Every structure is written in C-alpha cells, then in structure tokens.
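Inside the fold
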Amino acid sequence: MRLFYLQIFLLTAVAAFAQTDCDKYQDDYTPKDLDDALNFLDCKWSDSDKETFKSKDERDAVSELHFGTGLAIRNSWGLWKGGNSLTRYFNSKGIFHPDDISSIILTSFHRQLNNKDIELENQIKYYKDYWAEARKSQKEIDNEIKIQTKTEYETFKIGDTVKIAYKINLNSGAVYAYRIQKHPDLDDEPTVL
C-alpha cells in the first residue's frame, strides 16, 4: 500500500512540476538565455507546429520563419531594445544583431527537436565571421571611395565652378554632399531625410 501511495505521489509531483515549468511562460515573458528560450518554444508551440518545423530541412525551416516567428521573437523579447537578460546572454558571446539572435534560437530549436547537437559555438563563429567579413568589405568600399574622391578632387583647378547638392539626415545629423554633374537627374532636388 505504501508503494502505491508513493507511486501516486511521484506521478502527481512530476505532473505538477511539468505544468509549473510551462506555466511560468506568460505572453509577456522574456527568456533569460538560450536554454530558457528553447524551453519557452517547446512549451508554447503545438505538437503539430513542432512536427512541421522539425520535418523541414534546417535552413529552409529557419529561413521560412525569419519574418514570422523570428520577427515575433525579435520584437516581443525586446531584442531591438536590448538590455534584457536574453540580449546580455548573447552579447556576452559576441552576438549583437537581433536577426542573428533569433536565427540562433530557431536553429537551435530545430536541432533540439531533431535530437542533434546544437553546436552553439559553431553558430556563434558563423555570425562572427560574417560580420568580420562585412566590416572588411565596408573598409574596402570606404577606401575605394576615398581614392575616387581624391582622384576627382585632383582634376579641379583653381577657379573651377562646381555645383553641389546635399542631403541631411535629421536623425544622425550627417550631411551628404555630391556634385550635381554626377547626379542622374540634373533637375532633381536634394531630399531632406
């Protein structure tokens, strides 16, 4: 009889614990880290949604959800604002862009559903390498612009007249000046942003 009561107690305790774990995920809940985010998705997604997501190729599954579920993750979990536990968790690992964070979460969830290793370090390396290459490419573009500008400047002589137009970005205060002669439509007026 004791064994029977012990079994009933254990089954009740396990059921209560499982419910409590998912009950903490209210609609306005923001996960603390990757594990918490994966538990959240596991609790909130229906079995059929998880099965559909799981059965797709990883890249297709994640990219298909980028503008739906990924957008909801970025917006409702405050990834654009930053400063919460989840963004601090990813920032501490060198991941800063909200798109990258949501992609890592979705990729990790897909792998978890398929009983694969999440390989978080490899995912992080992928995004760090991507941004390093993007910064390198931007530096090359900036250097090319400087060379072109210098070459163009050296073609002018004292007394030459150059017409310019400009745009002002009111958010950043940046001023963009360019020669009207190089603008595609000479009658076009510069736009104030």
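What you are looking at is a predicted structure, and each value in this text was computed from that prediction instead of being measured.

Another aspect to go through is the state of the cysteines. What the rule picks out here adds up to one disulfide. The disulfide partner of Cys22 is Cys43, and the S-S distance across this bridge is 2.0 Å. On the sign convention where negative means left-handed, the S-S torsion of about -75 degrees between Cys22 and Cys43 marks this disulfide as left-handed. Of this pair, Cys22 sits in helix 1 (residues 2-23) while Cys43 sits in helix 2 (residues 34-44), and the two are 21 residues apart along the sequence. On the accessibility criterion, Cys22 (30% relative accessible area) is partly exposed.

What follows deals with unusual backbone geometry. We note that Asn115 has phi near 55 degrees; this positive angle belongs to a residue other than glycine. Unlike most non-glycine residues, Glu119 shows phi in positive territory, near 50 degrees.

Two numbers describe how helix 5 (residues 69-76) lies on helix 7 (residues 98-113): the axes approach to 9 Å, and their chain directions differ by 120 degrees. In terms of their interaxial angle, helix 5 and helix 7 are classed as oblique. Crossing geometry of helix 5 relative to helix 7 is assigned as right-handed. The residues of helix 7 that touch helix 5, namely those facing Thr69, Gly70, Ile73 and Arg74, are Pro98, Asp99, Ser102, Ile105 and Leu106. For the contact of helix 5 with helix 7, a count of residues per class yields four nonpolar, three polar and two charged.

In this section: the confidence of the model for the protein. Considering every residue of the protein, the mean pLDDT works out to 85; 81% of them sit at 70 or more. Across the protein, element-level confidence peaks in helix 7 with a mean pLDDT of 98 and bottoms out in helix 1 with 57.

It is worth spelling out the packing of aromatic side chains at this point. Here a ring pair, both rings aromatic, is described through the centre-centre distance and the interplanar angle of the planes. This model, assessed by the stated rule, comprises ten aromatic pairs. Relative to Tyr29, the ring of Tyr25 has its centre 4.9 Å away and its plane inclined at 75 degrees; by these criteria the two rings are edge-to-face. By the burial criterion, Tyr25 is buried, and Tyr29 matches it. With a centroid separation of 5.2 Å and an interplanar angle of 85 degrees, the aromatic rings of Phe40 and Trp77 are classed as edge-to-face. A residue pair is termed long-range when its members are at least 10 positions apart, and Phe40 in helix 2 and Trp77 in the loop between helix 5 and helix 6 (85-91) qualify at 37 residues. Phe40 gets classed as buried once you look at its relative accessible area, which sits at 10%. The exposure class of Trp77 is buried, given its relative accessible area of 3%.

The rules behind the values
Residues numbered from 1 in each chain as written. Predicted model: local features only at pLDDT ≥ 70, side-chain atom pairs only at ≥ 80, totals over all residues. Heavy atoms only, no water. Disulfide = S-S within 2.5 Å. Helix = DSSP H or I, 4+ residues; strand = E, 2+ residues; numbered from the N terminus. Buried < 20%, exposed > 50% of the residue type's maximum accessible area, 1.4 Å probe, protein only. Axes fitted to C-alpha atoms, helices over the stretch in contact; angles between N-to-C directions. Parallel < 35°, antiparallel > 145°, perpendicular 65-115°, else oblique. Left-handed = near helix turned anticlockwise from the far one by under 90°. Contact = heavy atoms within 4.5 Å. Nonpolar A, V, L, I, M, F, W, Y, C, P; charged D, E, K, R; others polar. pLDDT = per-residue confidence, 0-100. Phe/Tyr/Trp six-rings, centres within 6.5 Å; stacked < 30°, edge-to-face > 60°.

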